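Working through the structure, step by step
The lines below spell out each chain.
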Amino acid sequence: MKSKAFVSDFFHALDKNNIKYAVLRKADEVAEGTAHDIDMTVDYGHIKRVLEELDQVAETDGWMKILVADKDSGNLKTVHFATKDDAIEIVHFDLFKNFSWNSLILLTNSQMLLDTHKIYGIDCVSYSVEIATKLMSRLLYHGYVKEEYKDEISESCKSNPETIETTLKVFMPEKEAKQLVESCASENWSEIESNVGQLRKVIENCTKRNHAVTGRFSQIKYTIRRFAKPQGVMVAFIGSDGSGKSTIISSLPDVLGNTFDSTQIKYYHWRPGFIKSPKGEKSGSNKDTTVPHSEKPYGKGISYVKYFYYNVDYILGYFFKVKKHLLRNELVVFDRYYYDYLIDKSRYRLDISDSVIRGLQILIPRPNITFLLVGTPGVLYNRKKELSIEEITEQIERIKGIKVKNKVEINVDQNIETVVTNVSRQILKYMNRRLS
């Protein structure tokens, strides 16, 4: 796997330039090359040089940068890379400045880099810092201790309670640190998780004195920067029945999972759905049935009312639903979109001229990439016999004629694995270009 050489070369570059670093966890997987999410801390006094070295190693080893994002008020910088060749591989580095929670610094950069040691030839954080981060990360943010870490945390708190307590006392009072270590040693996970609210308050009171002003200022800067330049991606798939839209979308996490896993891919059918369908009417998102043209078109008046009604949904839905996902660096996927009006108006029962639809297209938020799925009519018909070959043929011609920026035509005659790889590659290339 290429990631093993990439990560190893990056660590070597840091050693060569005398820049301190330490992996937070899973040193064995990092060394074996099976880890694609590298959690580590680096000397942030040299962060600019660290990023330069990372870019240089990536270029030399055949990787392209696809995502750079600051998180938790600048206490964490995440940098994602993908291979440049056709065999897609993704690896990302989470570069921690401080170990923090809600902008409150629990362990500083220097504290995390104190007493590092080597495991499998890789510099790692101290034993107590590793246990503290494994214990507190999910607990503070999500209210539970990660299952795969419980045995290790418990054993550590039994064998080295004083060492673990010393690290915890940096960001919580001695009494609470001792109680938490004892609970972990006794494996009282339900008690720990049920008392997480009180623990959060204790940590807030203990750390706010030193970091409240700085944390608040950093959070404001972080929020403004995120809103101005969201790192998420919005894509739309336009294709006739049988083009495999649903199959392609459901397969994306298999390829993009190291940047967009299944929880980070948000699905919409046709429109955002911020405005609900009129009472008593089937939603447009439910119109993709085995008889898509079973109902007659509306009259002119009703057609225009419904057309403008749903256009408002595209606009408001983008700003009040879609935008929040983009701000969270997620992948927003539309199965069909506004442009589908130009492909199959009968599906939406609209009696409106194409010139009106094209003219008002400028008002509709544009996806970062619009995938136009085309292929041989007979092949598509055999996959899904809901439309005639003649209708599919006409729709493919209309699809090819769509005028929109950042459109990518994908031939779906190929096997699904090839199609998904081609789609994923286009998304990764777009992300890389956006960073240029």
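Heads up: these notes are all about the structure in this document. Throughout, a residue's number is its position along its own chain's written sequence, starting from 1. The predicted origin of the model limits local features to residues at a pLDDT of at least 70 and limits the giving and counting of side-chain atom pairs to 80 or more, whereas totals for whole chains, interfaces and linings rest on all residues. Only heavy atoms go into the side-chain values, all of them from the structure, while hydrogens and water stay out.

**Describing the overall build of the protein chain**
Numbering of helices and strands starts at the N terminus; helices are DSSP runs of H or I of at least 4 residues and strands are runs of E of at least 2. For the protein chain, the helix and strand inventory stands at 17 helices and 14 strands. Reported as C-alpha extents along the three principal axes, the dimensions of the protein chain are approximately 75 × 50 × 35 Å. Think of it in three bands: residues with accessible area under 20% of the maximum for their type are buried, residues over 50% are exposed, and the middle band is partly exposed, with areas taken using a 1.4 Å probe on protein chains only. Within the protein chain, the proportion of its 436 residues that are buried is 51%. Taking contacts inside the protein chain between residues at least 6 apart in sequence as the whole, the part at least 24 apart equals 73%. In this description, accessible areas are obtained by the Shrake-Rupley approach with a 1.4 Å probe, and a residue is regarded as covered only by the protein chains that are shown. Per element, the accessible surface of the protein chain, about 20400 Å² overall, is 51% carbon and sulfur. Contacts are residue-level and defined by heavy atoms, with any inter-residue pair within 4.5 Å sufficient.

**What to know about the pattern of salt bridges**
When a carboxyl oxygen of Asp or Glu is within 4 Å of a side-chain nitrogen of Lys or Arg, the pair counts as a salt bridge. Taken as a whole and assessed by the stated rule, the structure comprises 24 salt bridges. Asp-55 is the partner of Lys-65 in a salt bridge, and the nearest nitrogen-oxygen pair spans 3.0 Å. Placement of Lys-65 in strand E3 (residues 63-71) and of Asp-55 in helix H3 (residues 47-61) is noted, with a sequence separation of ten residues between them. When its relative accessible area of 24% is taken as the criterion, Lys-65 is described as partly exposed. Taking the relative accessible area as the measure of exposure, Asp-55 reaches 32% and is therefore partly exposed. Glu-182 is the partner of Lys-178 in a salt bridge, and the nearest nitrogen-oxygen pair spans 3.9 Å. Within this pair, Lys-178 and its partner Glu-182 are both found in helix H8 (residues 174-185), separated by four residues, close to a single helical turn. Residue classification places Lys-178 among the partly exposed residues on the basis of a relative accessible area of 41%. Here Glu-182 falls in the partly exposed class, since its relative accessible area comes to 42%. Put simply, Asp-241, Arg-336, Asp-340, Asp-344 and Arg-347 are held in one network by salt bridges that share partners.

**Here we look at helix H7 (residues 161-168)**
Helical geometry note: an α-helix holds 3.6 residues per turn, so side chains three or four residues apart project in the same direction. Those residues of H7 that sit buried are Ile-164, Glu-165, Thr-167 and Leu-168. Buried residues of H7, viewed axially, fall in a sector of 160 degrees; they line one side. Of the surrounding elements, those touching the buried residues of H7 are strand E7 (104-107), helix H5 (127-142), helix H6 (150-159) and H8. By construction, the arc corresponds to the directions joining the helix axis to the C-beta atoms.

**Observations concerning the packing of H6 against H8**
Lines fitted to the C-alpha atoms define the axes, with helices restricted to the stretch that makes contact. Angles between their N-to-C directions range from 0 to 180 degrees. Between H6 and H8, whose axes approach to 7 Å, the crossing angle comes to 120 degrees. Our classification of the angle between H6 and H8 gives oblique. Where H6 crosses over H8, the two elements pack in a sense that is left-handed. Along the contact surface, H6 presents Ile-153, Ser-154, Cys-157 and Lys-158, while H8 presents Val-181, Cys-184 and Ala-185. Residues were grouped as follows: Ala, Val, Leu, Ile, Met, Phe, Trp, Tyr, Cys and Pro as nonpolar; Asp, Glu, Lys and Arg as charged; and all remaining residues, including Gly, as polar. A per-class count over the contact of H6 with H8 returns five nonpolar, one polar and one charged. An angle below 35 degrees is treated as roughly parallel, one above 145 as roughly antiparallel, one from 65 to 115 as roughly perpendicular, and anything else as oblique. Each crossing is labelled by how the near helix is turned from the far one, with a counterclockwise turn of less than a right angle marking it left-handed and a clockwise turn marking it right-handed.

**Notes on the sheet that holds strand E11 (residues 265-269)**
Paired through backbone hydrogen bonds, the strands of a sheet run either parallel or antiparallel to each other. Pairing between two strands is assigned when DSSP locates at least 2 bridges connecting them. Spatially, five strands are ordered E11-E12-E10-E13-E14 in an open sheet, and the strand pairing comes out parallel. Looking at strand neighbours, the two that pair on one side only are E11 and strand E14 (407-411), the edges of this open sheet. Averaged over all pairs of adjacent strands, the angle between strand axes in this sheet comes to 20 degrees, irrespective of strand direction. Where strand E10 (residues 233-239) meets strand E13 (residues 369-374), five bridges bridge the pair, whose relative direction is parallel. Its bridge partner lying in E13, Phe-237 is registered against Phe-371. Contacting E10, E11, strand E12 (331-335) and E13, helix H11 (residues 245-256) crosses the sheet at an angle of about 165 degrees to E12. Together, E10, E13 and E14 form the strand contacts of helix H17 (residues 416-435), whose direction differs from that of E13 by roughly 160 degrees.

**A few points about a nonpolar patch on the surface**
What goes into a patch is any residue over 30% in relative accessible area without a salt bridge, connected to like charges within 9 Å or, for nonpolar side chains (Val, Leu, Ile, Met, Phe, Trp, Tyr), within 5 Å. Residues Phe-274, Val-312, Leu-316, Phe-319 and Phe-320 make up a contiguous nonpolar surface patch of roughly 460 Å² in combined accessible area. Note that Phe-320 resides in helix H12 (residues 300-327). We classify Phe-320 as exposed; its relative accessible area is 53%.

**Things to note about the environment of Asp-70**
Position of Asp-70 among the secondary structure elements: in strand E3. By relative accessible area, which is 21% here, Asp-70 ends up partly exposed. Through-space distance from the C-alpha of Asp-70 to that of Phe-96 is 10.0 Å; in sequence the pair is 26 residues apart. Any pair of N or O atoms that falls within 3.5 Å is considered a polar contact. Within protein, one atom must be able to donate a hydrogen and the other to accept it, and sequence-neighbouring residues count only if both atoms are side-chain atoms. Of the polar contacts made by the side chain of Asp-70, one reaches the side chain of Lys-77; its length is 2.8 Å.

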